Every structure is written in C-alpha cells, then in structure tokens.
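Close look at the chain arrangement
Next come the chains, spelled out residue by residue.
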Amino acid sequence: MKDSSGFTVDISQGSGEWTMIRVNVDNLEEAVEFLEARGFHKARHEAAHDTIDTGSSKINIMVSPSGYILSLSQHIDE
C-alpha cells in the first residue's frame, strides 16, 4: 500500500512461521522512539548498533508487546 506522500506499508512472510509489517518512515530515530514509548523493543538487543545502515537506507526491526514484527526503513536522499 502507498499513500499520497509515497510512504509504503506492506506485509512480508519470512522463512519459517513469522510475518513482518514493513513501514517506510521519514525519520527512523523518531519512529523508533515513538514505538519504544508504546512498549515496542528492538529485535536485536545484543547488537552494538541496532540500526542497519546500507548507505541508501537505514533499517530497524521492532517487536510489539504482543509479538508483531515491524521493519522500519528510512530511505536516504542523496
């Protein structure tokens, strides 16, 4: 799904028995703080850097209190 601003949300099924909701955001850090304030946590607690930075995008995997998985991504404009 894409809104009028170009933001997308889709559902992705991974290997095994998990499903993830992928969300394109404007500001990754702001989105992470928003979700953490509502009980979400980062999926990679042990990682020194929870955010994956590919150079063209930043990604963070969040888990809801009930176990839903969200993949937040911010595309970086060059």
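Residues numbered from 1 in each chain as written. Predicted model: local features only at pLDDT ≥ 70, side-chain atom pairs only at ≥ 80, totals over all residues. Heavy atoms only, no water.

Now for the overall build of the protein. Scanning the protein from N- to C-terminus turns up 1 helix and 6 strands. From first element to last, N terminus to C terminus, the protein shows the α and β order β-β-α-β-β-β-β. The buried share of the protein, reckoned over its 78 residues, is 31%. Across the protein, the fraction of contacts at a sequence separation of at least 24, relative to all contacts at a separation of at least 6, is 36%. Accessible surface, the protein as shown: approximately 5500 Å² in total, 51% of it carbon and sulfur. (Helix = DSSP H or I, 4+ residues; strand = E, 2+ residues; numbered from the N terminus. Buried < 20%, exposed > 50% of the residue type's maximum accessible area, 1.4 Å probe, protein only. Contact = heavy atoms within 4.5 Å. Areas by Shrake-Rupley, 256 points an atom, 1.4 Å probe, with all protein chains shown as cover.)

Before going further, it helps to examine the environment of Asp 77. Structurally, the position occupied by Asp 77 is in the segment after β6 (69-75). Each C-alpha atom of the pair Asp 77 and Ser 56 lies 7.4 Å from the other, and the pair is 21 residues apart in sequence.

This model, assessed by the stated rule, comprises 2 salt bridges. A salt bridge links Glu 29 to Lys 58; the shortest N-O distance between them is 2.9 Å. Of the two residues, Glu 29 sits in helix α1 (residues 28-36) while Lys 58 sits in strand β5 (residues 57-63), which places them 29 residues apart along the sequence. (Salt bridge = Lys/Arg side-chain N within 4 Å of Asp/Glu carboxyl O.)

The next point concerns the nonpolar core. Residues Val 25, Leu 28, Ala 31, Val 32, Leu 35, Phe 40, Met 62, Leu 70 and Leu 72 constitute the largest nonpolar core, which totals 9 residues. Of all the elements in the fold, those that place two or more residues in this core are α1 and β6. If you tally residues by element for this core, the top one is α1, at 4 residues. Not counting chain neighbours up to four residues away, the residues in contact with Phe 40 comprise Leu 35, Met 62, Val 63, Ser 64, Pro 65 and Leu 70. (Core = buried A, V, L, I, M, F, W, Y, C linked by side-chain atoms within 4.5 Å.)

Residues of the protein with pLDDT of at least 70 account for 77%, and the chain-wide mean is 80. Within the protein, α1 carries the highest mean pLDDT (92), whereas strand β1 (residues 9-13) carries the lowest (72). (pLDDT = per-residue confidence, 0-100.)

Mapping Gln 74 onto the fold places it in strand β6. On the basis of relative accessible area, Gln 74 is assigned to the buried category, the value being 15%. Note: C-alpha distance between Gln 74 and Ala 31 (43 residues apart in sequence) is 9.7 Å. In contact with Gln 74, not counting residues within four places along its chain, are Asn 24, Val 25, Asp 26, Asn 27, Leu 28, Glu 29, Ser 56, Ser 57 and Lys 58.

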